[in-house]
Amino acid sequence: IQRESIWKYFDDRDALALTLRLTGVADGAYQVKTYQINEQAGDALQTWGELGYERELSRNDIQYLKRMCGPKLTIQTLEDQGGVLPLHLRLEANEIRFVRVRRLG
């Protein structure tokens, strides 16, 4: 597999729109934290490619990779809608996402 063109080996490159409905939630506000890794955020292979796929990385280079390859974090506050908390997500191709929901107050 060619590192430079690894994405051509994936059949499905379409985004996926999801609507999740968390039911039975208590009335109030909720904090939703989303951590995501995709081609635009946290992609280790793409970041390594920007370094020329160098095999001999210095300690500073590795620290840089660690900083750049962390997941993107977004935080939003949502209100329940009659005991239902709707979450609307759009995942890019091959995206990994972790969603953490917690009640405020």
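First, a word on what this report is: a plain description of the structure on this page. Note that the structure is a prediction, hence the values are computed from the model and not measured. Note on numbering: residues in each chain are counted from 1, in written sequence order. A pLDDT threshold of at least 70 governs which residues receive local features in this predicted model, and a stricter bar of 80 or more applies before side-chain atom pairs are shown or counted, although totals over entire chains, interfaces and linings include all residues. Just so you know, side-chain values use all the structure's heavy atoms and leave hydrogens and water out.

1. Regarding the environment of Phe-10
Secondary structure elements are defined from DSSP: runs of H or I of at least 4 residues count as helices, runs of E of at least 2 residues count as strands, and each element is numbered from the N terminus. Relative to the assigned elements, Phe-10 resides in the segment before strand S1 (16-23). For Phe-10, a relative accessible area of 36% puts it in the partly exposed group. A 1.4 Å probe rolled over the protein chains alone gives each residue an accessible area, and that area as a share of the maximum for its type sets the label: buried under 20%, exposed over 50%, partly exposed in between.

2. Re the sheet that holds strand S3 (residues 72-79)
Paired through their backbone hydrogen bonds, the strands of a sheet run either parallel or antiparallel. The sheet built from 3 strands is open, its strands ordered S3-S2-S5 with antiparallel pairing. Single-partner strands in this sheet number two, and they are S3 and strand S5 (96-103). Mean inter-strand twist for the sheet, computed between neighbouring axes without regard to direction, equals 20 degrees. One ladder, built from 8 bridges, connects strand S2 (residues 29-37) with S3; its direction is antiparallel. The partner of Ala-29 across the bridge, within S3, is Glu-79. Strands are labelled as partners when DSSP assigns at least two bridges between them. Think of each axis as a best-fit line through the C-alpha atoms, taken over the contacting stretch in the case of a helix, with angles from 0 to 180 degrees between the N-to-C directions.

3. Remarks on unusual backbone geometry
Of note, the phi angle at Tyr-53 is positive, near 50 degrees, even though the residue is not glycine. By secondary structure assignment, the location of Tyr-53 is in the loop between helix H1 (44-50) and helix H2 (59-68). For Asn-94, which is not glycine, the phi dihedral falls at a positive 60 degrees. On the accessibility criterion, Asn-94 (35% relative accessible area) is partly exposed.

4. Quick word on the pattern of salt bridges
When a carboxyl oxygen of Asp or Glu is within 4 Å of a side-chain nitrogen of Lys or Arg, the pair counts as a salt bridge. Per the counting criterion, the structure on display carries 3 salt bridges. For Glu-92, the salt bridge identified is with Arg-90, shortest N-O distance 3.5 Å. Assessed through its relative accessible area of 32%, Glu-92 is described here as partly exposed. Here Arg-90 falls in the exposed class, since its relative accessible area comes to 52%. Linking Arg-97 and Glu-95 is a salt bridge whose minimum nitrogen-to-oxygen distance equals 2.6 Å.

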